[in-house]
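Descriptive structure summary
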Amino acid sequence: MASLRPITRLAPRRTHPYCAVHLRRHFATASDIRNPTAEAAATQHQQQQRSDNKVKIVEVGPRDGLQNEKKSIPLATKIELVERLAKTGVSFIEAGSFVSPRWVPQMDNSSEILEHILTKMVSSPVPITYSFLAPNAKGIDNASALLQKHTGAYITQAESFAGAIAGDKPAIELAVFAAATESFSKKNLNCDIATSLEKFKDVVQGAKKLGIRARAYISVVLGCPFEGYDVDPHKVAEIATSLLEMGADEISLGDTTGMGTAPRTQELLKCMAAAGIRNEDIAMHFHDTYGQALVNTAISLERGIRTFDSAVGGLGGCPYSPGATGNVATENMVYFLESLGMETGIDLDAMADIGQWISKELGRPNDSAVGKAVLGARKTEASTSSL
Ligand SMILES: [Zn+2]
């Protein structure tokens, strides 16, 4: 991609011992054009585009990332992960899940995490929405009880629409998880798609009663481990429409298996648009199992999607492909988006540090190529500047 060329060109410059500006990442955007007339035109164009340049990243590491980890993770580590992420500039963090510990033991202490968020002032440079999965009536009951116990400790949707900045109060969101294929739904949720949608009504309506946002995931939208690549995009659009009609604020389309390709992503989003679903109601959730996550992100950006899920350090695994990578790494996503001139508001250096730290805590390799490159460049910089 031509626009990425200057990054590699600038790489040696960054490590130059006499370079006054250390470690400044340079991305090729329209304003990098050296011709003054073209530059002015590009700046004007950029200003017009600015409102469209903001990208919302939903950091899913603490839930989607950690839930497949075999080793039990101490509550203190989970809370530290959430607190460190909160400081990076990210504005949405998926922090836990109110699912039965019999099914997902790793999410056992999610109520403590929610309570921590509601009672301790987690410091952050921007207001944060914390998302919790509540897949059934029991989940919503447990989450509701906790939220009602701490009424006033979180900002409601109405308050946030009204632009209220209630100190450092967090916003809370509850999420449900549907599947795009009958086989995956039966295997994962123990019921068919229609029954799962019926159950989700309680959760979405429960969230609305509490005055908070409801998010809905649809998994295996671009490939199913049981039914293969050929997932029907019309079926995905139909499920998304049902979820939006019941009151979901956002639909996250999950390429759970990482089987998605550029043409299939294109086809899926065309189908969503044809069904009348607005881009602002869609988030894309790519896994990097086959290395296609950023290609699929580029396709989604071109089609106007501005919300993407990712996990620091590429946390998460695919239970159906042992050894394969999981969620696309937040570090890779931020670097990629900013190289295109998009704004994420996230401090890439801080995110790279967290990716390295949590990978070490979990005893797993850091799965973010960008995270490792950022840390490597910093080491080189430190050694050359001490010469
Ligand atoms: Zn995922």
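Cut-offs used in this document
Residues numbered from 1 in each chain as written. Predicted model: local features only at pLDDT ≥ 70, side-chain atom pairs only at ≥ 80, totals over all residues. Pairing = 2+ DSSP bridges. Helix = DSSP H or I, 4+ residues; strand = E, 2+ residues; numbered from the N terminus. Axes fitted to C-alpha atoms, helices over the stretch in contact; angles between N-to-C directions. Contact = placed C-beta atoms within 7 Å. Buried ≥ 20, exposed ≤ 12 C-beta atoms within 10 Å, placed from the backbone.

With that settled, consider the sheet that holds strand β3 (residues 129–133). Taking strand neighbours around the barrel as the criterion, the eight strands line up as β1-β2-β3-β4-β5-β6-β7-β8 in a closed arrangement whose pairing is parallel. Within this sheet the neighbouring strands show an average axis-to-axis angle of 25 degrees, counted without direction. Sheet topology places β3 next to strand β4 (residues 171–179); five bridges connect them, and they run parallel. Bridge pairing in β4 places S131 opposite E173. Sitting on the sheet, helix α9 (residues 193–210) touches β4 and β5 (213–219), and the angle it makes with β4 is about 175 degrees.

If you trace the backbone, L337 turns up in helix α13 (residues 330–339). Between the C-alpha atom of L337 and that of L294, which follows or precedes it by 43 residues, the distance is 9.1 Å. Leave out the neighbours within four places in its chain, and L337 touches V55, M342 and T344.

Okay, unusual backbone geometry next. Even without being a glycine, N190 presents a positive backbone phi close to 60 degrees. Note that N190 resides in the loop between α8 (182–189) and α9. Of the residues examined, N190 has 10 C-beta atoms within 10 Å and is grouped as exposed. Unlike most non-glycine residues, V220 shows phi in positive territory, near 50 degrees. With respect to the helices and strands, V220 occurs in the loop between β5 and α10 (233–245). You can call V220 buried: it has 26 C-beta atoms within 10 Å.

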